[in-house]
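Architecture at a glance
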Amino acid sequence: MSKLNSISSNLNYSKNSLLEGEQIIAAAKWSPFIYAIPILVLLFGLFMLFFDVSFEGGATISVVFFILLLLLVRISCYYSEFVITNKRDIVKAGIIIRSAFELKNEMLESVSVYQGIFGRIFKFGTIRICGVGASRCVIHFIDHPLEFRQKFYEEVYYKVKPVDSQDENIDI
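Residues numbered from 1 in each chain as written. Predicted model: local features only at pLDDT ≥ 70, side-chain atom pairs only at ≥ 80, totals over all residues. Heavy atoms only, no water.

1. So, the overall build of the protein
- Per the secondary structure count, the protein includes six helices and seven strands.
- Going residue by residue from the N terminus, the α and β elements of the protein occur as α-β-α-α-β-β-β-β-α-β-β-α-α.
- Out of the 172 residues belonging to the protein, those deemed buried represent 33%.
- Element-wise, carbon and sulfur atoms account for 60% of the exposed surface of the protein, whose accessible area totals about 11,700 Å². (Helix = DSSP H or I, 4+ residues; strand = E, 2+ residues; numbered from the N terminus. Buried < 20%, exposed > 50% of the residue type's maximum accessible area, 1.4 Å probe, protein only. Areas by Shrake-Rupley, 256 points an atom, 1.4 Å probe, with all protein chains shown as cover.)

Listed below in structure tokens is the structure:
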């Protein structure tokens, strides 16, 4: 079973902005690795607490930063969407200030994936959508990015309208 079917984000924006005849093909899921920075901050605070580092109140400050970072990451993940439909790509982020990137599938040039060593081990990565011209969107910490790109190519990119038979036999 594909990991793309388990959609964890709130897709209200995407569902409410669907056009007539448009349906969601795939929605990206955030990797649990996105919580790495808050966990590192917590571990740093625990290290300071248990090894009696001479910075007074450092462990408390670290725990407070951990809680704030954890809330920030969780809220950001909940209110961000990355969806491929049969007509366009939709990327939405933001709570108070909304940033939305929508690109028709006909205007897409490529969907590329970058995975570092940890990304390959823990199956997360960065997806870059490049459109015709200068339009570009980059999304980090996507869970199973290769499956997402494959789903895109299967459902969107390879379903291009066939070329007219008149256009095939053009003499130059």
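2. Points about the pattern of salt bridges
- With the rule as written, the count across this model stands at two salt bridges.
- Put simply, Glu22 and Arg88 hold a salt bridge, and the shortest N to O gap is 2.9 Å. Highlighted residues: Glu22 in the loop between helix 1 (12-16) and strand 1 (24-27) and Arg88 in strand 3 (residues 88-93), separated in sequence by 66 residues.
- Overall, the relative accessible area of 7% leaves Glu22 in the buried class.
- Accessibility expressed as a relative area gives 9% for Arg88, which makes it buried.
- The network of salt bridges with shared partners includes Glu22, Arg88 and Glu102. (Salt bridge = Lys/Arg side-chain N within 4 Å of Asp/Glu carboxyl O.)

3. Examining the pairing of strand 4 (residues 99-104)
- Taken together, the six bridges between strand 3 and strand 4 define a ladder with antiparallel strand orientation. Bridged to Val91 within strand 4 is Phe101. (Pairing = 2+ DSSP bridges.)

4. Some words on the sheet that holds strand 4
- Judged by pairing direction, the sheet is antiparallel, and its four strands sit side by side in the order 1-2-3-4 without closing on themselves. Only two strands of the sheet have a single neighbouring strand rather than two, namely strand 1 and strand 4. Taken pair by pair, the neighbouring strands of this sheet meet at an average axis angle of 15°, ignoring direction. (Axes fitted to C-alpha atoms, helices over the stretch in contact; angles between N-to-C directions.)

5. Overview of the environment of Arg128
- Structurally, the position occupied by Arg128 is in strand 6 (residues 124-131).
- Residue class for Arg128 comes out partly exposed when judged on its relative accessible area of 37%.
- Along the primary structure Arg128 and Tyr114 are separated by 14 residues, whereas in three dimensions their C-alpha atoms are 8.1 Å apart.
- Among residues more than four places away in sequence, those in contact with Arg128 are Ser110, Val111, Ser112, Arg136, Cys137 and Val138. (Contact = heavy atoms within 4.5 Å.)

6. A few points about the pairing of strand 2 (residues 81-85)
- The element strand 2 is largely enclosed, with a buried count of five among its five residues.
- Going residue by residue along strand 2, you find Glu81, Val83 and Thr85 tucked away on one face and Phe82 and Ile84 tucked away on the opposite face as well.
- Pairing of strand 1 with strand 2, which is carried by three bridges, proceeds in the antiparallel orientation. Looking at the pairing, Ala27 lines up with Val83 of strand 2.
- Two elements, strand 2 and strand 3, share four bridges in a ladder whose sense is antiparallel.

7. What to know about the nonpolar core
- By size, the foremost hydrophobic cluster in this structure holds 18 residues, and its most contacted members are Phe82, Ile127, Ile129 and Phe148.
- At the level of elements, strand 1, strand 2, strand 4, strand 5 (108-114), strand 6, strand 7 (136-143) and helix 5 (145-157) are the ones that each hand at least two residues to this core. (Core = buried A, V, L, I, M, F, W, Y, C linked by side-chain atoms within 4.5 Å.)

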